[in-house]
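Given next are the chains, with one letter for each unit.
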Amino acid sequence: MTDTTLYRPAPMAGASVGDTKPAAVLLILQFATMWGAFFILAPAINWPASLDAPPSEILPLILDRSGAVFAGYLSYLIHALVLIPLAVLLSSALGLSGGFAKVAIVLGVLAGFAKALGITRWLFLMPGLAEAWVDPAVTGAEQAAIGVVYEAFNAYAGGVGELMGVGLFAGSWTVLLSIALIRKGAPLLGWAGLGSAVLLFSTLLSVVGIESPLMLTLSGILWQFWTLALAIWLIRRGRPA
């Protein structure tokens, strides 16, 4: 086989190449931290619906629920950062090689990095804006300026995290992983992954003004359960043939 083939002939004896357990562990970790974030933030600040709330509503709430906001978004950040090493480990676990493997790794790393970039605003910038917003000495003009900063940075970082990280990079990464699964003899899991990828891609329609919070939430939920199914498949498989 040449270096551009999709799969390696066989893992080297005694090497970690192709070991499925580390990838399965990270898949479960990102699943757990994602849902940990949801179960913390949903009751605390009505997340993710509150992402569209005006600054006058969400900023005081962020300050009032600061402990839960920090814990929830920290869990969410861990989920995003886990995707970076996971991209490398999944490529190995599925036996990818050559250009196919390189592209898959790059897309997975970009997905994790873009999501993390979007999430960090809630840990560092938004608490500061919230404190400034509720300051008794703040004037109406200053509050308006804070609101502009909030809206602008939310649009920028949200676009990077949700559109680029989730819609484009994670969607494309999922397509490549799904193709690999189909060729590895897991067609049901592979086609389910392709369906999840289509839903992730659908979030990109917001660029042309077609937005659906329900579709964004549904795509994330289905993708997460697909990753859990992938983890279970990897555990059962042990090592690729």
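As the structure is a prediction and not an experimental result, all values here were calculated from the model. (Residues numbered from 1 in each chain as written. Predicted model: local features only at pLDDT ≥ 70, side-chain atom pairs only at ≥ 80, totals over all residues. Heavy atoms only, no water.)

### What to know about the overall build of the protein chain
Item 1. Scanning the protein chain from terminus to terminus reveals 7 helices and 0 strands.
Item 2. In sequence order, the secondary structure elements of the protein chain are arranged as α-α-α-α-α-α-α.
Item 3. Counting across all 241 residues of the protein chain, residues that qualify as buried make up 45%.
Item 4. For the protein chain, the proportion of contacts with a sequence separation of at least 24, taken over those separated by at least 6, is 82%. (Helix = DSSP H or I, 4+ residues; strand = E, 2+ residues; numbered from the N terminus. Buried < 20%, exposed > 50% of the residue type's maximum accessible area, 1.4 Å probe, protein only. Contact = heavy atoms within 4.5 Å.)

### So, the nonpolar core
Item 1. Residues Leu90, Trp173, Leu230 and Leu234 are the most contacted members of the largest nonpolar core, which totals 35 residues.
Item 2. Elements with a minimum of two residues in this core: helix H1 (21–45), helix H3 (66–93), helix H4 (98–134), helix H5 (140–183), helix H6 (187–202) and helix H7 (213–237).
Item 3. By residue number, the principal contributor to this core is H5, which donates 9 residues.
Item 4. Leaving out residues up to four positions away in the same chain, Leu230 has contacts with Leu27, Leu90, Leu181 and Leu189. (Core = buried A, V, L, I, M, F, W, Y, C linked by side-chain atoms within 4.5 Å.)

### Digging into the packing of aromatic side chains
Item 1. Scanning the entire structure with this criterion turns up 13 aromatic pairs.
Item 2. Measuring from ring centre to ring centre gives 5.4 Å for Phe38 and Phe39, while their planes differ by 75°; the resulting arrangement is edge-to-face.
Item 3. For the ring pair Tyr73 and Tyr76, a centre distance of 6.4 Å and an interplane angle of 40° mean the geometry is tilted. You can see Tyr73 and its partner Tyr76 sitting in helix H3, 3 residues apart, about one turn around the helix.
Item 4. Residue Tyr73 is classed as buried on the basis of its relative accessible area, which comes to 2%.
Item 5. Site record: aromatic cluster; members linked through ring pairs are Phe31, Trp35, Phe38, Phe39, Trp47, Tyr73, Tyr76, Trp122, Tyr150 and Phe225. (Phe/Tyr/Trp six-rings, centres within 6.5 Å; stacked < 30°, edge-to-face > 60°.)

### Some thoughts on the packing of H1 against H3
When two helices pack together, their arrangement is given by the angle between the helix axes and the distance between those axes.
Item 1. Here H1 crosses H3 at 160°, and the two axes come no closer than 8 Å. By the angle between their directions, the pair H1 and H3 is classed as roughly antiparallel. When you trace H1 past H3, the crossing you get is left-handed. (Axes fitted to C-alpha atoms, helices over the stretch in contact; angles between N-to-C directions. Parallel < 35°, antiparallel > 145°, perpendicular 65-115°, else oblique. Left-handed = near helix turned anticlockwise from the far one by under 90°.)

### As for H3
Item 1. For H3, which comprises 28 residues, the first-to-last C-alpha distance of 39 Å matches the rise-based estimate of 40 Å (1.5 Å per residue) to within 8%.
Item 2. A bend of about 35° at Pro85 is the largest found in H3.
Item 3. Immediately downstream of H3, the backbone of Gly95 shows phi near 70°, a positive value. (Expected span 1.5 Å × (residues − 1). Bend = angle between axes of the 7 residues up to and from the residue.)

### Here we look at the side chain of Thr227
Item 1. Structurally, the position occupied by Thr227 is in helix H7.
Item 2. When its relative accessible area of 2% is taken as the criterion, Thr227 is described as buried.
Item 3. The residues touching Thr227, leaving out its near neighbours within four places in the chain, are Leu27, Gln30 and Phe31.

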